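Listed below are the residues making up each chain.
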Amino acid sequence: MTLPRPKYITFDCYGTLTNFQMAEAARDLYGEQLDEPRMAEFIRNFAAYRLDEILGDWKPYAEVVHNSIERTCKRNGINFKEEDARMVYERVPTWGPHADVPAGLAKVAKEIPLVILSNAMNSQIMSNVEKLGAPFHAVYTAEQAQAYKPRLRAFEYMFDMLGCGPEDVVHCSSSFRYDHMSANDIGIKNKVWVNRGHEPANPFYGYVEIADISGLPGVFGL
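Residues numbered from 1 in each chain as written. Predicted model: local features only at pLDDT ≥ 70, side-chain atom pairs only at ≥ 80, totals over all residues. Heavy atoms only, no water.

The name an unreviewed UniProt entry gives the chain is 2-haloacid dehalogenase protein, with Rhizobium gallicum bv. gallicum R602sp as the organism.

Quick look at the structure:
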């Protein structure tokens, strides 16, 4: 299935483009203290608490990481150390793209402006973006919007900055809970789901599915 070329392709960054390595960081910190079933549970809890931490008023991502690790440690009977949370937060800007990203993005960028809407801090995101291998028309952060996705306020901020509406974009993400559910609610009809394997398919939300970003040019007949 192909989609009409939009004014912009808007992207989630962490997980979709950048290889989001929170699970690996958790394993590095706590893998020697937990057997594999308990480690898997820790990682699931950590993901759940990160989502829970961003649903209210905006706060710096360092606090999101700190609070979610502290809550996960408490739930899993692990001693929490502030320096562990700081280490995880400081890793974020070192993460690079999934291997499929640079070539696929570069091909699309020649034809359609690319935009990022990321649950990021201004001080961290550009280090990740610079590793993606393609030019971006704009990069918007939760810090700028004063709201994290999945809150609609984040998407509203992006539309205000671009001077466009939901009908003018195709939104591309690997996550339903953070992106595509909200994109659907705010009226983005054209969506691309990158199936990275961390969430099940959810056809209700209406999207073109690709296995990775190498499939993105084909969505637009490029």
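Student: What should I look at first to understand the domain arrangement of the chain in this one?
Tutor: How big an interface is tends to be stated in terms of the accessible area lost upon association of its parts. According to the domain assignment, the chain contains domain 1 (8-19 + 96-220) and domain 2 (21-93). Using C-alpha coordinates to define each centre, domain 1 is positioned 24 Å away from domain 2. Facing 19 residues of domain 1, the contacting portion of domain 2 comprises 16 residues. For the interface between domain 1 and domain 2, the tally reads zero salt bridges. (Domains from an automatic or database assignment. Contact = heavy atoms within 4.5 Å. Salt bridge = Lys/Arg side-chain N within 4 Å of Asp/Glu carboxyl O.)

Student: What exactly am I supposed to notice about helix α6 (residues 122-129) here?
Tutor: Turn by turn, an α-helix covers 3.6 residues, leaving residues three or four places apart pointing in a common direction. Those residues of α6 that sit buried are Gln 124, Ile 125, Asn 128 and Val 129. The buried residues of α6 occupy an angular sector of 130 degrees when projected down its axis, which confines them to one face. For α6, the secondary structure elements touched by its buried residues are α3 (61-76), α4 (82-91), β2 (114-118) and β3 (138-141). (Buried < 20%, exposed > 50% of the residue type's maximum accessible area, 1.4 Å probe, protein only. Helix = DSSP H or I, 4+ residues; strand = E, 2+ residues; numbered from the N terminus. Arc of directions from axis to C-beta.)

Student: Is there a simple way to think about the sheet that holds strand β4 (residues 169-173) in this case?
Tutor: One key point about sheets: their strands pair by backbone hydrogen bonds, in either a parallel or an antiparallel sense. One open sheet accounts for six strands, arranged β3-β2-β1-β4-β5-β6; its pairing is parallel. Looking at which strands have only one partner, the edges of the open sheet turn out to be β3 and β6 (208-210). Taking each pair of neighbouring strands and ignoring which way they run, the sheet shows an average axis angle of 20 degrees. Taken together, the four bridges between strand β1 (residues 8-11) and β4 define a ladder with parallel strand orientation. Each residue of the ladder has a partner; that of Thr 10, found in β4, is His 171. Running over the sheet, helix α8 (residues 152-162) touches β1, β2, β3 and β4 and is turned about 150 degrees from β2. (Pairing = 2+ DSSP bridges. Axes fitted to C-alpha atoms, helices over the stretch in contact; angles between N-to-C directions.)

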